[in-house]
Amino acid sequence: MILLDGKSLAKDLQEKIKKDVATLAAKGVIPSLAVILVGSDPASQTYVNMKAKACKNVGITSILHEMPQNISQADLLNMINNLNANANLDGILVQLPLPSHINTYAVLESVAPQKDVDGFHTQNSGKLFSGISGFVPATPLGVMSLLSHYNIALQGKDVCIIGASNIVGKPLAALMLNAGATISVCHIHTRDLGFYTRNADIICVAVGKPNLITRDMVKQGAIVVDIGITRLESGKIVGDVDFDSVAPLCSYITPVPGGVGPMTIASLLQNTLKSAEARADRM
């Protein structure tokens with residue numbers, strides 16, 4: 001069993017990004033990312049702080065816009081429009097979830113596609129499903145980078161993806177399909193989850209339910225990518241896989257923490273750099 005060490009790879013990727021950012025800066029282009037945080041959700045604040053720290057480490061300018069919980073949708077959309085018009089800004093990230101009185105779809109669609117470093121705009125998701133270059137959501141992109149780093153071939157593999165969100169499951173399925181894999185996407189209405197997981201060469205799970213994947217659901221030699229993350233009452237952070245019982249069966253498996261999480265942030269930095277490079281090309 002080999003651990004898919006996302007923490008180590010993310011560190012290496014950030015060193016490369018740092019060098020590329022310095023190259024752009026020498027040309028007069030400083031990559032910049034605007035982050036919008038609505039309300040004071042502790043988990044969202046933690047994620048935003050992690051992203052800001054990573055940006056600082058590689059030389060990307062990170063600008064945090066903290067908005068009150070009761071901000072109107074119109075005011076939020078007006079702010080995004082102003083950020084869209086800022087020629088020196090490369091990326092706009094709206095931290096999710098948003099308050100219930102705000103239409104998340106409308107907000108994400110208001111971000112200019114060329115600044116949509118989260119890859120959530122339908123123009124970017126359409127490019128992904130069509131196999132055209134665009135911005136890919138950070139977590140699926142991180143998963144693919146991790147598998148590529150370990151030379152794990154995807155062509156012809158049976159892949160089971162558990163979780164069908166627009167943020168992880170669906171874009172990951174598109175990436176896997178584009179890479180030549182055969183995909184099964186399972187979700188809350190799937191009748192026999194074990195049937196799909198036991199027949200999968202690669203299992204990717206992103207649900208947020210500890211111990212969802214148990215030893216009897218995984219075949220010998222399978223590759224398991226655990227994207228879920230939950231903090232237990234004890235304070236311990238766990239994924240969706242019963243790691244201790246499943247890991248001995250696997251050829252490769254991600255740890256939680258230290259697997260996909262660090263790769264998500266590294267991929268966000270990559271997307272921001274990509275946008276900045278496009279800006280430099282237009283100059």
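Residues numbered from 1 in each chain as written. Predicted model: local features only at pLDDT ≥ 70, side-chain atom pairs only at ≥ 80, totals over all residues. Heavy atoms only, no water.

Novice: What should I look at first to understand the nonpolar core in this one?
Specialist: Nonpolar side chains in soluble globular proteins tend to be buried together. Grouped together as the largest cluster of nonpolar side chains are 31 residues, with contacts concentrated most on L4, L147, L172, M176, C204, V225 and I227. Residue assignment for this core shows that the elements contributing at least two residues are α1 (6-26), α6 (138-149), β5 (158-162), α7 (169-178), β7 (202-205), β8 (223-226) and α10 (260-282). Residues contacting L147, with those up to four places away along its chain left out, are L4, I152, L154, M176, I223 and V225. Of all hydrophobic cores here, the second largest spans 22 residues; its members include I17, V58, V117 and I265. (Core = buried A, V, L, I, M, F, W, Y, C linked by side-chain atoms within 4.5 Å. Buried < 20%, exposed > 50% of the residue type's maximum accessible area, 1.4 Å probe, protein only. Helix = DSSP H or I, 4+ residues; strand = E, 2+ residues; numbered from the N terminus. Contact = heavy atoms within 4.5 Å.)

Novice: Please clarify how the packing of helix α2 (residues 42-58) against α10 should be interpreted in this entry.
Specialist: When two helices pack together, their arrangement is given by the angle between the helix axes and the distance between those axes. At their nearest, the axes of α2 and α10 sit 10 Å apart, and the two run at 55° to each other. Judged by the angle between their axes, α2 and α10 are oblique. Note that α2 runs across α10; the crossing there is right-handed. Note on element contacts: α10 touches α2 through I265, L268 and L269, opposite M50, K51, A54, C55 and V58. For the contact of α2 with α10, a count of residues per class yields 7 nonpolar, no polar and 1 charged. (Axes fitted to C-alpha atoms, helices over the stretch in contact; angles between N-to-C directions. Parallel < 35°, antiparallel > 145°, perpendicular 65-115°, else oblique. Left-handed = near helix turned anticlockwise from the far one by under 90°. Nonpolar A, V, L, I, M, F, W, Y, C, P; charged D, E, K, R; others polar.)

Novice: Can you help me understand the UniProt feature "domain: Tetrahydrofolate dehydrogenase/cyclohydrolase catalytic" (unreviewed entry) in the protein chain in this one?
Specialist: Within this structure's numbering, the places UniProt gives as "domain: Tetrahydrofolate dehydrogenase/cyclohydrolase catalytic" (unreviewed entry) are residues 4-118. With 50% helix and 16% strand, residues 4-118 has end C-alpha atoms that lie 23 Å from one another. (UniProt positions renumbered as here; feature names shortened; annotations may be inferred.)

Novice: Explanation requested: the pattern of salt bridges in the structure shown.
Specialist: If the charged atoms of two oppositely charged side chains come close together, the side chains can form a pair. With the rule as written, the count across this model stands at 3 salt bridges. With a shortest N-O distance of 2.8 Å, D201 and K219 are connected by a salt bridge. Here K219 lies in the loop between β7 and β8 and D201 lies in the loop between α8 (193-198) and β7, a separation of 18 residues in the sequence. (Salt bridge = Lys/Arg side-chain N within 4 Å of Asp/Glu carboxyl O.)

Novice: It is not clear to me how the sheet that holds strand β1 (residues 2-3) should be interpreted in this structure. Could you clarify?
Specialist: Backbone-to-backbone hydrogen bonds join strands into a sheet, with any given pair of strands oriented parallel or antiparallel. What the 6 strands build is an open sheet, ordered β1-β11-β8-β7-β5-β6; its pairing is parallel. With one partner strand each, in any of the chains shown, β1 and β6 (182-186) form the two edges of the open sheet. As paired elements, β5 and β7 share 4 bridges and run parallel to each other. Paired with I162 across the bridge in β7 is V205. On the sheet, α7 packs against β5, β6 and β7 and is oriented at approximately 170° with respect to β5. (Pairing = 2+ DSSP bridges.)

Novice: Can you help me understand the domain arrangement of the protein chain in this one?
Specialist: Interfaces are often sized by the accessible area lost when the parts come together. Domain boundaries assigned for the protein chain yield domain 1 (29-113) and domain 2 (138-261). Centre-to-centre, using C-alpha coordinates, domain 1 lies 28 Å away from domain 2. (Domains from an automatic or database assignment.)

Novice: Explain the UniProt feature "binding site: NADP(+)" (unreviewed entry) in the protein chain here, please?
Specialist: The residues that UniProt annotates with the feature "binding site: NADP(+)" (unreviewed entry) are G163, A164, S165, I188 and I229. Position of I188 relative to the elements: it lies in the loop between β6 and α8. With respect to the element layout, I229 can be found in the loop between β8 and β9 (230-231). Since its relative accessible area comes to 48%, I229 is described here as partly exposed. For I229, the contacting residues outside a window of four places in its chain are Y47, I237, V238 and G239.

Novice: Sorry if this is basic, but what is going on with the sheet that holds strand β3 (residues 61-67) here?
Specialist: Strand order in this open sheet of 3 strands is β3-β2-β4, and the pairing throughout is parallel. Two strands close off the open sheet at either side, each with one partner strand: β3 and β4 (91-94). Across this sheet, the average inter-strand angle for adjacent strands is 20°, counted without regard to direction. On the sheet, α2 packs against β2 (32-38), β3 and β4 and is oriented at approximately 170° with respect to β2.

Novice: How should I be thinking about the pairing of β5 in this particular structure?
Specialist: Every other side chain in a regular strand lies on the same face of the sheet, so the side chains alternate between the two faces. In terms of burial, β5 is largely enclosed, as 4 of its 5 residues are buried. Where β5 lies against β6, 5 bridges are found, and the strand directions are parallel. The residue bridging D158 from the neighbouring strand is T182, located in β6. Where the polypeptide runs from β5 across α7 and back to β6, its parallel neighbour, the crossover connection is right-handed. (Right-handed = clockwise from strand over helix to strand, strands pointing away.)

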